[in-house]
Amino acid sequence: DSAFPWHALRDISLEAALDDAGRQAVLDFWQRHIPIYMSVADAYEFLAIDRESGRIVHGIEPEFEETSEVAASLDSLFEDMMAGRGAAALLA
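Okay, so let's go over this structure.

Thresholds, definitions, all that
- Residues numbered from 1 in each chain as written.
- Predicted model: local features only at pLDDT ≥ 70, side-chain atom pairs only at ≥ 80, totals over all residues.
- Heavy atoms only, no water.
- Salt bridge = Lys/Arg side-chain N within 4 Å of Asp/Glu carboxyl O.
- Helix = DSSP H or I, 4+ residues; strand = E, 2+ residues; numbered from the N terminus.
- Phe/Tyr/Trp six-rings, centres within 6.5 Å; stacked < 30°, edge-to-face > 60°.
- Buried < 20%, exposed > 50% of the residue type's maximum accessible area, 1.4 Å probe, protein only.

Quick look at the pattern of salt bridges now. This model, assessed by the stated rule, comprises six salt bridges. Across the pair Asp11 and Arg10 runs a salt bridge, and its minimum N-O distance is 3.0 Å. In this structure, Asp50 and Arg32 form a salt bridge, with 2.8 Å as the shortest nitrogen-oxygen distance. Pair noted here: Asp50 is in strand β2 (residues 45-50) and Arg32 is in helix α2 (residues 20-32), with a separation of 18 residues, a long-range link.

Rendered as structure tokens:
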């Protein structure tokens, strides 16, 4: 019921996948990562929790699944945000 549901980025990547292996890689990525922040302001981008490690990663179009770590944990992300460091700039 949302104009931009949580799985929109996954669906964009699935549509762009060239073959079954690419589609499976997209599905595997989104099974492992839970979006906690999404933006469509300047570019489609997100922050997600890696369900295996607890790390917070940032992804941006066009290759959403090529992410960079922005915090070691959700607690670290919040601490950085409160101090105006790191990932806080991504959320501005």
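Attention now moves to the packing of aromatic side chains. Applying the stated rule across the entire model yields four aromatic pairs. Their ring planes at 70° and their centres at 6.4 Å tell us that Phe29 and Phe46 sit as a pair that is edge-to-face. Placement of the pair is Phe29 in helix α2 and Phe46 in strand β2, with a sequence separation of 17 residues. When sorted by exposure, Phe29 lands in the same class as Phe46, which is buried. Judged by centre distance (6.4 Å) and plane angle (55°), the ring pair of Phe46 and Phe64 falls under tilted. Remark: Phe64 occurs in the loop between β3 (56-60) and β4 (68-71) and Phe46 occurs in strand β2; sequence separation between them is 18 residues. A single burial state applies to Phe46 and to Phe64, both of which are buried.

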